[in-house]
Each structure stands twice: as C-alpha cells, then as structure tokens.
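Observations on the three-dimensional arrangement
Each chain, written out:
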Amino acid sequence: MKHEELTLQINGAKRTGVFPRGTRLLDAIRRLGFTGTKEGCGEGECGACSVVIDGRVVNSCLVYAKQAVGQKITTVEALGEGHPGGLHPFQHAMVETGGVQCGFCTPGMIVSGVRYLEDGGPLEDAPIKDALSGNLCRCTGYTKIVEAMKLAGKRMRGG
Amino acid sequence: MGVEIDLAESLDHALELLAAADPEVRPVAGATDMVLRLHGGRLKAKRLVSIADVPELSFIQSDHHSTRFGAGTFLSDLLANEDFCAEYRCAADSLRQFASPQIRNRATVGGNVGNASPAADMVPPLIALEAQITLGSKARGMRTVPMEDVFLGFGKTSIAPDELIIEVTVPRRASWFQAFAKFGSRNANVIAVVNMALCLDLDGTRIRRARAAYGSVAPKTLRALPVEQFLQGRELDEATVRGVAEVVQQAVSPIDDVRGSARYKRKLAVNATQDALAAAMKQARGTR
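Below is a short write-up of the structure. (Residues numbered from 1 in each chain as written. Chains lettered and ligands numbered in written order. Predicted model: local features only at pLDDT ≥ 70, side-chain atom pairs only at ≥ 80, totals over all residues.)

Moving on, we come to the overall build of chain A. Helices and strands together make up the secondary structure of chain A, namely five helices and five strands. Traced from its N-terminal end to its C-terminal end, chain A shows the element sequence β-β-α-β-β-β-α-α-α-α. A compact globule built from 159 residues should have a C-alpha radius of gyration of about 15 Å, and chain A, at 16 Å, falls within 12% of that. Expressed as a percentage of its 159 residues, the buried residues of chain A come to 47%. For chain A, long-range pairs separated by at least 24 residues make up 57% of all intrachain contacts whose partners lie at least 6 apart in sequence. (Helix = DSSP H or I, 4+ residues; strand = E, 2+ residues; numbered from the N terminus. Rg over C-alpha atoms; globule rule 2.2 N^0.38 Å. Buried ≥ 20, exposed ≤ 12 C-beta atoms within 10 Å, placed from the backbone. Contact = placed C-beta atoms within 7 Å.)

Shown next as structure tokens:
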C-alpha cells in the first residue's frame, strides 16, 4: 500500500507522520499519540472519536486525514490546558456529578460539551441534549452528563 | 483504504482534476458518507477530489427572487443562517433533524444530492421548494436543471463523471406554507423510515399551487405529481384532507426493508401529508 507524509496541526503543534493513503483522521491522530480520541462504531453514530476542526466538532472517523492538513485540530487532550488541575470546568463537573461510568464515550462527550459551553449555548435541557445528540453513552442514561453541563456552564459564566 | 486524495484549491482546479471523466475519480466534500461507502466496498474509487476547502463552493446569497448557496456549504452553516431558515422553513426543519451535530458540521447539500440515497433528508424539501441545481464541467461549462431531474434511481444520477455539483438555487418561498416530516426509530443520527416535504401557495383557503416530495418510498426521492395535481386549485378543507389519502397511497411505492414494512411506510406517507394539510388549513383559516 502506498504511503504519504502528512503534517497535521494538533493542539497548536505541528506533527508529521507517514500514513497509508486514505487514512482517516481518527487513525492519524491516534498514531501520532493522541489516544484520548476513541474509535467506537467507526460509522459516525457514537461520537467517541469527536475532535474539533477549525472550531467545529466533527467525527474524526468520517474525515480523511489529508483533508485536515492546514487546519487547526483540537483533541480532548488540550481542553484542560490552563484550567485549575488541568481539567476544564466541564471535566471537573463530570467527575463531581458522576457523569463518567465506563468512560469510553467520555472524551467525545467532553469535546462536544466543551465546544457548546465555550460557544455560550443556553443551559437548558433541550438544547444541551441536542448538542450532545451525536454522542452515545450506554452507561449513564445522560442525566448526570446533562447535570454536569449545567453545573460547568454556571461556573464558567460566574453563576 | 488506499484511496488517493487531491485537495482542490479552487473551482477551476476541481473541474480540472475531474476532467478525465473517469468514474473512479470522485468528488468528495465533507466525506461523512464517502468514508463509509469506500470502506464498506459499496463504492469503488481510486482517487478522490476533495472540494471541502474550495471557497467558491461555500456561500449563501439572496436577492429579491431567489437564494443561491454553494454545494459545498456545510449544513451547519445553512442552519446558522437565520434568513435562510426563515425563508425555507421546511429545509430548516430537515436540517435540524439531519444526522448529528458532528455530521452537520461536515456534510453538504452537494453530497446529500450526489449520493442519490432515496432517504436523503435535504432532497424532499429542496424538490418541494423547486430548487434547481447547477452542474459544471471543464469540457461543457455550466448547466442548471430542476433538482428532481438529477435522480435516475437508487444511487444513480444524471451527473457525468467529469461534472461537479456547484450550487443550488431556490426561489423565494417565505409566503408559502411549508411542512417537513421525518420518521425514524430515534431522533438523532437516524435514516428516515419515511420523510416528506409539502409546499403550498395559498390564496386564502384555496390552493393555488402545490409541491410534494417523499423520501424512502421509491428507489429515488419521489416528486409526487399526482398529489400535486390533486391539491392544485382545490379548497383547503376537511374533504381535501380526507381525499388526499387515496392519492398518496397510489403515488408511493415503498418496499419492505429493515427500517419498516411497505404497509407501514405507506401509512406514514399518508399521515404526514394529512397532518401537513391539516396544519395548513388551520393556519389559513386563522389568518383569513
């Protein structure tokens, strides 16, 4: 199989790797060491592979790595940077409310949740659930995750 | 895996990359469906021309008569455009129910049309809104056709291998009644069991013109001419709501599959049409 060299801008730093042609962004970022991003279904249903490209949350299993060359990629690893204890307020709140059980969906959930909170989304059930509708959790039943969103949102907005 | 990807930098560049008219060289935008189709072996391609970052393919522009938007505009950008959503309410309803936030952030109308899935969520509203699509190729330049004319059958379009979907034009429709319905096993990330859009130009309670389109009830999205003809010129009353049932029954031809039985889908198509007409009637009587 033919390979190609790609340079991706991940969490503010340029990373270069050699990948088989047609590699998905998910595989590229994991091979570059960012294993916080998980592969769940590999079909864009579960959201475990969510990352941010140029400010938009996407499923990294449904993007070709080459398409992300030159764009700013943010993975879950970077979201706690600059926050107390290295955790984003939403990550803190997830710990407090018990929004994490098996933990497999958590990185993707964090990526979607943080983007929504940073964008100033309203702290009400319906829009929060809509914002997280591309992330499946089979453990929590979502109640505690939504609770964590509201808790984090209030703290971020000084409430 | 193993597919080569060229990143088109401009529209001309994209058309140049497609100019050889090789059916195994395919355009791709967000890639949300392409990755799966290639991976699952449902489509063969040796090379992809990525148009995800071609600036000329991502825009929304309106004048007095119509709105044009680029085929590569991400769905979340359409949904974030308040003017677009106010003018094309049935399309906005479809966008809100389209897959998931992550997919809306990458998927495009060009991709939704080009895949020619009979379940495509954006196609029924756009056909009901009388959308036209503009296709371009290096060899033959541009051509504009009604959206419904592009579809030939399941996964099949009249788009040539060297052609690219460039933009969609939709006439102004704010004054029309518009409805969209989608049925699925859950709200997010679901392929429609049936979807449909109905647009009515009303003169009081009289239907001047009607456009109806249904998804997942035929090998391609169905523009239901018999339904349109039945409604046209008719008074929007209880008899019309009752009478449309038989016409819809006859117009659709769903099959039994994993998402539902043909009988169930037929019933959904009828119910959605009747619900939409009842809502239109209520609205028309309220504003008379």
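With respect to burial, strand β7 (residues 141-146) of chain B is a largely exposed element, only zero of its six residues being buried. Linking strand β6 (residues 132-137) of chain B back to β7 of chain B in an antiparallel pair, the connection comprises three residues. (Pairing = 2+ DSSP bridges.)

Taken together, the 22 residues of chain B in the interface contact 23 residues of chain A. Of the residues belonging to the side of chain B that touches chain A, the class tally is eleven nonpolar, nine polar and two charged. (Nonpolar A, V, L, I, M, F, W, Y, C, P; charged D, E, K, R; others polar.)

So, about the sheet that holds strand β1 (residues 4-7) of chain B. Residues and elements named next belong to chain B. Taken in spatial order, the three strands line up as β1-β3-β2 in an open sheet, and their pairing is parallel. Edge positions in the sheet fall to β1 and β2 (25-28), since each has one partner strand and no second. This sheet shows a mean twist of 25° between the axes of neighbouring strands, independent of strand direction. Across four bridges, the pairing between β2 and strand β3 (residues 47-50) is parallel. Looking at the pairing, R26 lines up with L48 of β3. (Axes fitted to C-alpha atoms, helices over the stretch in contact; angles between N-to-C directions.)

Another aspect to go through is unusual backbone geometry. All names here are of chain B. Positive phi, close to 55°, is recorded for A116, a residue that is not glycine. Within the secondary structure layout, A116 lies in the loop between α7 (109-114) and α8 (123-128). What makes A116 buried here is the crowd of 21 C-beta atoms within 10 Å. Unusually for a residue other than glycine, N189 sits at a positive phi of about 50°. Here N189 lies in the loop between β11 (177-183) and β12 (194-203).

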